2 protein chains.
Amino acid sequence: MLTERQLEIVLSVVYEYIQTGEPAGSRTISKKYLRGSSAATIRNEMADLEDMGYFYQPHTSAGRLPTSKAYRLYVDSIMQRDRPAPAETEKWKREIREQRQGIDIMLSYVSQLLGKATNCVGVAALSALEEVEIQRVSFVRLGGSTVLLLIVLEGGLVHNANIQLPCELSQDILDELGRKISAVACGHPWSQVRDALFTYVLDGLERVWDTCREAVVQIDAILNRRSSRLFVGGARHILSLPDFQDIGKFQTVLSLLEQEQALAEMVERYSIKQGVSVAIGDEISEEMMKDCSLVLVPSAGYGRRTILGLIGPLRMDYEKSIAILEAIAGDLDDSLIN
Amino acid sequence: MLTERQLEIVLSVVYEYIQTGEPAGSRTISKKYLRGSSAATIRNEMADLEDMGYFYQPHTSAGRLPTSKAYRLYVDSIMQRDRPAPAETEKWKREIREQRQGIDIMLSYVSQLLGKATNCVGVAALSALEEVEIQRVSFVRLGGSTVLLLIVLEGGLVHNANIQLPCELSQDILDELGRKISAVACGHPWSQVRDALFTYVLDGLERVWDTCREAVVQIDAILNRRSSRLFVGGARHILSLPDFQDIGKFQTVLSLLEQEQALAEMVERYSIKQGVSVAIGDEISEEMMKDCSLVLVPSAGYGRRTILGLIGPLRMDYEKSIAILEAIAGDLDDSLIN
DNA sequence: GTTAGCACTCTCCTTAGATGAGTGCCAACT
DNA sequence: AGTTGGCACTCATCTAAGGAGAGTGCTAAC
């Protein structure tokens, strides 16, 4: 549907705009990218391409700006090519390896690193935690009928929540309860043991069956409610970009960044099983992202539940960003397996 | 050293600037605040006050802007007065009470609430955690010699970190170790039991004494390294303020907000034992805060270790902000004691 | 010590003209 | 039919100039 030349023009306009930040005119494209065709020819093609929805003009006498349809073409063409790993890969790997104090600290660090390296907002998410193996469940009495529920997942990710049980239990009974649940759940993801535990009669705890059942209900609630964890880092970097000099645009993005839940859902929705996925501007259902692109890559770390991502301007340097994202995702794999 | 009238002028200029955001001129002050004196008189006084360091002029023919010295006077005068509790207090209390899932969730919510209510950045910090009573210490084997250390503090605040022990221990021995340490530490703050545990010989664990000792060292390291926890919320709000239309200023603040450690130290440094403390612009040693004020109030919740705060522009509405901050700090006290 | 008056300064807004990048279209060329 | 050069036209951006307005500093009189 697009001729070879038209495709070249679209890619050139996107590339030129990403590089310079200025709308690209027919003359520029003719001189810098398609020496064989004159500006007038390019001009005619560009008018056609505008009709086809690849470009738009901020005003009549300006050059063309790419629409998300054009970015899509550009990104797809990039994805075909091989990307050389960035030179800093080894350095990053070393730095990440130093963050050994725990998954959360490491992912928080990674999100910041991503932000710094790409001048975008870095995101690191753990998703579908109900699919991660459970390491231990325990309960700590806080006072009254309030109990702290601790769920340790494989790799040392800790979930905790204060819950209310229908009656007061002593710490001994709570320990017993924790042991029994752990015995069943340990080594399996919650989704597998969930049903078993709901019907499981806890030997020796028949007296407090109601309360035990409530505890299981609460575990389920927590793993469903907060089945992902999200880290965002380096929002300051995109403020330097010309694209976000408009305060309103940045405010929109910042509002989204402050909604952990919405962000986590978005990340999960647009990531794919394997490899890099890119969602561009109005391809994203979140209205707030209409001036941004979202680049995501799952990393093999943490039972394949880690997703790294970038949120940046439409005209981000996709090639560089994707290369960096892939490199850091690779570093993370190694670190988390350890 | 300041005459009654000079004081009035300083306070009027600050007040006027806070309300309008425009530099205040002698005529305005004369007409709106000091009807008894003519503009010319005010003008003379203002020139003196400028020499004394209370005002400065953005340019010769503009009105006067308050320096931090003037804001200081204004804030001090406000602190004398009674502040009526905001009408929303009850509503906030109810909303906070709904966040029962844990301390972290509650404080995160409170920081966002603070931000929304005041149009500043809300901050909620837990400080000096080595002074909070320990509820339980336990260890979970993650694989190899990597162990997850879990410290539960009074009220359900969880610290966790992956640590490396010099040799591999079975989960049973780790449980034993956790039990023994808990037995000593439970009910006391770390600072009190720290020394005892360092010299304590753990009965029945003599074989692995080195490893046990290392575990204690790690607990100490964690409670020292991360002896505070910080939540920041609502940064988006200050973007609407005219004071932060200048992207550079906002970027400076955002950079600071993204440095949890530095922020936590600052909060601890400028908060006082009891009551509201206000640090204004260059009174704060952090260069990045030179265009901001920091308002802090300790709340009685969580063993008096909770500090709530606001980061906003120099010309924030101190009276309103402080009233809101105090009200929400009060709400929190009740909620955390429960 | 206080006040009115006045000259002066400096920002901000508006207007107008010049500049330049880029387009759309037409006629001529291959 | 596709391509090209030429040309009129549009529109944002830049600059300069003039006027309005706010506010000051200073002086002389009260």
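Parameters at a glance
- Residues numbered from 1 in each chain as written.
- Chains lettered and ligands numbered in written order.
- Predicted model: local features only at pLDDT ≥ 70, side-chain atom pairs only at ≥ 80, totals over all residues.
- Heavy atoms only, no water.
- Pairing = 2+ DSSP bridges.
- Helix = DSSP H or I, 4+ residues; strand = E, 2+ residues; numbered from the N terminus.
- Axes fitted to C-alpha atoms, helices over the stretch in contact; angles between N-to-C directions.
- Contact = heavy atoms within 4.5 Å.
- Near = heavy atom within 4 Å.
- Polar contact = N/O pair within 3.5 Å; in protein donor to acceptor, adjacent residues only side chain to side chain.
- Nonpolar A, V, L, I, M, F, W, Y, C, P; charged D, E, K, R; others polar.
- Domains from an automatic or database assignment.
- Buried area = accessible area lost by both parts, 1.4 Å probe.
- Least-squares fit on C-alpha atoms with pLDDT ≥ 70 in both.

> Give a detailed account of the sheet that holds strand E8 (residues 277-280) of chain A, specifying residues and quantitative values.
All names here are of chain A. The five strands lie next to each other as E7-E3-E10-E9-E8, forming an open sheet whose pairing is antiparallel. Of all strands in the sheet, those bounded by a partner on one side alone are strand E7 (229-233) and E8. When the angles between neighbouring strand axes are averaged without regard to direction, this sheet yields 20°. Inspection of the sheet shows strand E9 (residues 292-299) paired to strand E10 (residues 306-313) by eight bridges, in the antiparallel sense. Looking across to E10, one finds that Leu294 is bridged to Ile311. Relative to the sheet, helix H12 (residues 260-270) contacts strand E3 (121-126), E7, E8, E9 and E10, its axis offset from that of E7 by approximately 100°.

> Would you mind going over the protein's contact with DNA strand D in detail, with residue names and values included?
Neighbouring DNA strand D are 20 residues; Arg5(A), Thr41(A), Thr60(A), Ser61(A) and Ser26(B) lie closest to it. The contact in question runs from a base oxygen of DNA strand D to an N or O atom on the side chain of Arg43(A), over 3.1 Å. Backbone polar atom of Ser61(B) to a sugar or linking oxygen of DNA strand D: 3.2 Å apart, as the coordinates give it. The greatest single-element share of the surface near DNA strand D, amounting to four residues, is contributed by helix H3 (residues 39-51) of chain A. Across the surface near DNA strand D, the residue classes break down as two nonpolar, 14 polar and four charged.

> Would you mind going over the sheet that holds strand E4 (residues 134-143) of chain B in detail, with residue names and values included?
All names here are of chain B. Strand order in the open sheet formed by three strands is E4-E5-E6, with antiparallel pairing between adjacent strands. This sheet does not close on itself; its edge strands, each paired only once, are E4 and strand E6 (157-164). Neighbour to neighbour, the strand axes of the sheet diverge by 20° on average, direction disregarded. Strand direction decides the pairing type here: E4 and strand E5 (residues 146-153), joined by eight bridges, are antiparallel. Across the sheet, Val140 pairs through a bridge with Leu148, a residue of E5.

> Summarise the domain arrangement of chain A; cite the residues concerned and give the values.
Residues and elements named next belong to chain A. Segmenting chain A into domains produces domain 1 (4-80), domain 2 (89-128 + 229-337) and domain 3 (130-225). Centre-to-centre, using C-alpha coordinates, domain 2 lies 33 Å away from domain 3. Between domain 2 and domain 3, the contact holds seven residues from the first and 10 residues from the second. Together, the buried faces of domain 2 and domain 3 total about 740 Å²; carbon and sulfur atoms form 52% of this surface.

> Please give an account of the relation of the copies chain A and chain B that cites residues and values.
Here chain A sits on chain B after a turn of 180° about the axis and a move of 0.0 Å along it, with an RMSD of 0.1 Å. Such a turn and shift between the copies fits a two-fold axis. Minimal C-alpha distance to the rotation axis in chain A is attained by Ile247(A), lying at 3.7 Å.

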